[in-house]
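Examination of the molecular architecture
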Amino acid sequence: MQHKPLESRDNCSHVRLRALGLALVVLLTFVLCWDTLLPARTVVLVLPIMLTEVPPSLSHILFLFGFFSVPLDPLLYGAFTLGC
């Protein structure tokens, strides 16, 4: 049974750490983008009167910000790949 060289094991752990870092950054981006939209939508569902109190432009911005995580993902993947 042959053992991997020490450099190969260090490289493997480095790749795993980078993959874990990328997964955490993507998850954090998703949570931050959607965390602004969901509470606002919940308030509108619970208190429909708030629909008239919130300016439509703010409502649209919050809605678009929730979907902003989708185009950010390829940019994050690219940023993590540049370092390899």
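On a predicted model such as this, the values are computed, not experimentally measured, just so you know.

Overview of the overall build of the chain
- Counting its regular elements, the chain contains 4 helices and 0 strands.
- Secondary structure elements of the chain occur, N-terminal to C-terminal, as α-α-α-α.
- Expressed as a percentage of the 84 residues in the chain, the buried residues total 11%.
- In the chain, 86% of the contacts between residues at least 6 apart in sequence involve partners at least 24 apart.

Some words on the UniProt feature "transmembrane region" (unreviewed entry) in the chain
- Under the feature "transmembrane region" (unreviewed entry), the UniProt entry names residues 20-38 and 58-80.
- With 100% helix and 0% strand, residues 20-38 has end C-alpha atoms that lie 26 Å from one another.

As for the environment of Leu72
- For Leu72, the position within the fold is in helix α4 (residues 69-82).
- Sequence-wise, Leu72 and Phe30 are 42 residues apart; in three dimensions their C-alpha atoms are separated by 9.1 Å.
- Dropping the residues within four chain positions of it, Leu72 is found in contact with Thr29 and Cys33.

Section: the side chain of Thr29
- With respect to the helices and strands, the residue Thr29 is situated in helix α1 (residues 6-46).
- Taking the relative accessible area as the measure of exposure, Thr29 reaches 13% and is therefore buried.
- A polar side-chain atom of Thr29 sits 2.8 Å from the main-chain carbonyl oxygen of Val25.
- Ignoring anything within four residues of it in the chain, the contact list for Thr29 reads Ser69, Leu72 and Leu76.

The rules behind each value
- Residues numbered from 1 in each chain as written.
- Predicted model: local features only at pLDDT ≥ 70, side-chain atom pairs only at ≥ 80, totals over all residues.
- Heavy atoms only, no water.
- Helix = DSSP H or I, 4+ residues; strand = E, 2+ residues; numbered from the N terminus.
- Buried < 20%, exposed > 50% of the residue type's maximum accessible area, 1.4 Å probe, protein only.
- Contact = heavy atoms within 4.5 Å.
- UniProt positions renumbered as here; feature names shortened; annotations may be inferred.
- Polar contact = N/O pair within 3.5 Å; in protein donor to acceptor, adjacent residues only side chain to side chain.

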